[in-house]
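Breakdown of the fold
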Amino acid sequence: MPEQKGLFSPIVIGELELPNRIVMSPMTRIRAEEDCSPSERMVRYYAQRAAAGLIVTEGTHPSPMGRGYTYPPGLHTEEQAAGWRKVTDAVHDAGGRIFVQLMHAGRVSHSSLLPDHALPVAPSAIPIYGEIHAFDGKFPFETPRALETGEIPVVVEEYRLAAELSIAAGFDGVELHAATGYLPNQFQVTGSNHRTDGYGGSLEGRTRFTMEIMDALCGVRGANQVGIKIAPGFTVNDTYDEDPAQTYTYLAQRLNSYGLAYLHVGYDSGYARGTPPSFNPIDLIRSVYSGTLMAVGGFTKASGVAAIAAGRADIIAYGRPFISNPDLVERFKIDAPLTPWDVRTFYGGDDHGYTDYPVLSAE
């Protein structure tokens, strides 16, 4: 009989074998250096969590204009790639596997964070409601500048170059962040995309930017080393769509043809200025996507086991539990208590709340 699937059973994604199905979710931590190169504490942080079947890094901007935070990591210079190489070497030395998540913030940024104080870019000149954290405090989101049609291939090329640097940096693959209101997602949904050219209007037009990036990434890494994250139903960062079920079903069906390492589907019970969708995002995509599905969204060990057993997902990503439990895999195996996380240390700061959480052997 074939081995029963479970959180601790191996799985092959592309050509990469994962020893378990517990993934460390990408999480913004804002602890890079001033030039957006990974810091030494980032090396320790990721290496501590190498027992995960796969680590997906925090969002990493592929160009200076893609930056959305004060001290996020980037992957558009050789210096940044060299910094990431220290991270990937440490993770590999500890027996782990690691993908880099490429994230262009688009309008989820501020001119004070961007070269020459340029306005953030977006598919359309529509601002986000609310405020953003910048170097000198909180500021209202600015009205972004709509990308000209001729500029869009330049942005796609930036993603392609980042994929090339990901090889030099030693990553096992790349994930495109096309969710939660960042640039590809801004193009996908009707609330932020009012374009009338070939990148707007129809489902094909609104998903064209995402597909062009996927073509570029797969052209460099091969589809079996590429993943993508989508988040049907999310409204964070004013991500609204007239018919999200139709939009994301269409997108997932188009992604079927690639033979990707995985499709990462996010779900969250907290919705900004909106109500939860009438559908379960994970189940919506599972019904139309035939490849490996990674699910994320408040899973416990028990609900992760149940999701895999029911075929709702193939691998489960965990976020906050990995922040405060670097040995989460071991704790799950023996049903050990989990260390609670401290929200106050999530973003920025030093080693406190980052690399100083205890492991079982030290408790």
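Scoring rules and cut-offs
- Position numbers for residues start from 1 in each chain and track the written sequence from start to end.
- Whole-chain, interface and lining totals are the exception, using all residues; otherwise, since this is a predicted model, local features are given only for residues with pLDDT of at least 70 and side-chain atom pairs are given and counted only at 80 or more.
- Note that water and hydrogens are dropped before the side-chain values are worked out from all heavy atoms of the structure.
- Secondary structure is summarised from DSSP: a helix means a run of H or I of at least four residues, a strand means a run of E of at least two, and numbering begins at the N terminus for each.
- Both definitions apply: the radius of gyration is a C-alpha atom measure, and the globule rule equals 2.2 Å times residues to the power 0.38.
- Per-residue and other accessible areas were derived by the Shrake-Rupley procedure at a 1.4 Å probe size, with only the shown protein chains allowed to occlude residues.
- Counting rule for charge: Lys and Arg are taken as positive, Asp and Glu as negative, and neither His nor the chain ends is counted.
- For charged residues, the charge sits on one atom: NZ in Lys, CZ in Arg, CG in Asp, CD in Glu.
- Each patch is built from residues lacking any salt bridge and having more than 30% relative accessible area; the joining distance is 9 Å for like charges and 5 Å for nonpolar side chains (Val, Leu, Ile, Met, Phe, Trp, Tyr).
- By convention in these notes, a salt bridge is any Lys or Arg side-chain nitrogen within 4 Å of a carboxyl oxygen on Asp or Glu.
- Burial classification: accessible surface area is computed with a 1.4 Å probe over protein chains only, and a residue below 20% of its type maximum counts as buried, one above 50% as exposed, and the rest as partly exposed.
- Whenever a helix is involved, its axis is fitted only over the stretch in contact; in every case the axis is a line through C-alpha atoms, and angles between N-to-C directions fall within 0 to 180 degrees.
- Roughly parallel covers angles under 35 degrees, roughly antiparallel covers those over 145, roughly perpendicular covers 65 to 115, and oblique covers all other angles.
- Left-handed describes a crossing in which the near helix is turned anticlockwise from the far one by less than a right angle; the clockwise case is right-handed.
- In this analysis, two residues are considered to be in contact whenever any of their non-hydrogen atoms come within 4.5 Å of each other.
- Residues were grouped as follows: Ala, Val, Leu, Ile, Met, Phe, Trp, Tyr, Cys and Pro as nonpolar; Asp, Glu, Lys and Arg as charged; and all remaining residues, including Gly, as polar.

So, about the overall build of the chain. The helix and strand inventory of the chain stands at ten helices and 14 strands. The C-alpha atoms of the chain give a radius of gyration of 19 Å, which matches the 21 Å a tight globule of 363 residues would have. Summarising its shape, the C-alpha atoms of the chain cover approximately 55 × 45 × 40 Å along the three principal directions. For the chain, the exposed area adds up to about 14,300 Å²; of that, 52% sits on carbon and sulfur atoms. Across the chain, 29 positive and 42 negative side-chain charges occur, with their mean positions spaced 4 Å apart.

Among the surface-exposed residues, Glu33, Glu34, Asp35, Glu78 and Glu79 lie close enough to one another that they form a single negatively charged patch. Locating Glu33 in the fold gives a position in the loop between strand E3 (22-24) and helix H1 (40-48).

We now examine unusual backbone geometry. The backbone phi angle of Ile30 is positive, close to 55°, even though this residue is not glycine. Relative to the elements of secondary structure, Ile30 occurs in the loop between E3 and H1. You can call Ile30 buried: its relative accessible area is 14%. With a phi close to 65°, Cys36 is a non-glycine residue in the positive phi region. By the secondary structure assignment, Cys36 is in the loop between E3 and H1. A residue is classified by how much of its surface remains accessible, and Cys36, at 3% relative accessible area, is buried.

Our focus in this paragraph is the packing of helix H5 (residues 203-221) against helix H6 (residues 244-255). Packing of H5 against H6 brings their axes to within 11 Å, and their N-to-C directions diverge by 40°. When the axes of H5 and H6 are compared, the pair comes out oblique. H6 is crossed by H5, and the crossing has right-handed handedness. Here Leu203, Glu204, Arg206, Thr207, Thr210, Met211 and Met214 of H5 lie close against H6, whose contacting residues are Gln246, Thr247, Tyr250, Leu251, Arg254 and Leu255. Among the residues making up the contact of H5 with H6, the classes are represented as six nonpolar, four polar and three charged.

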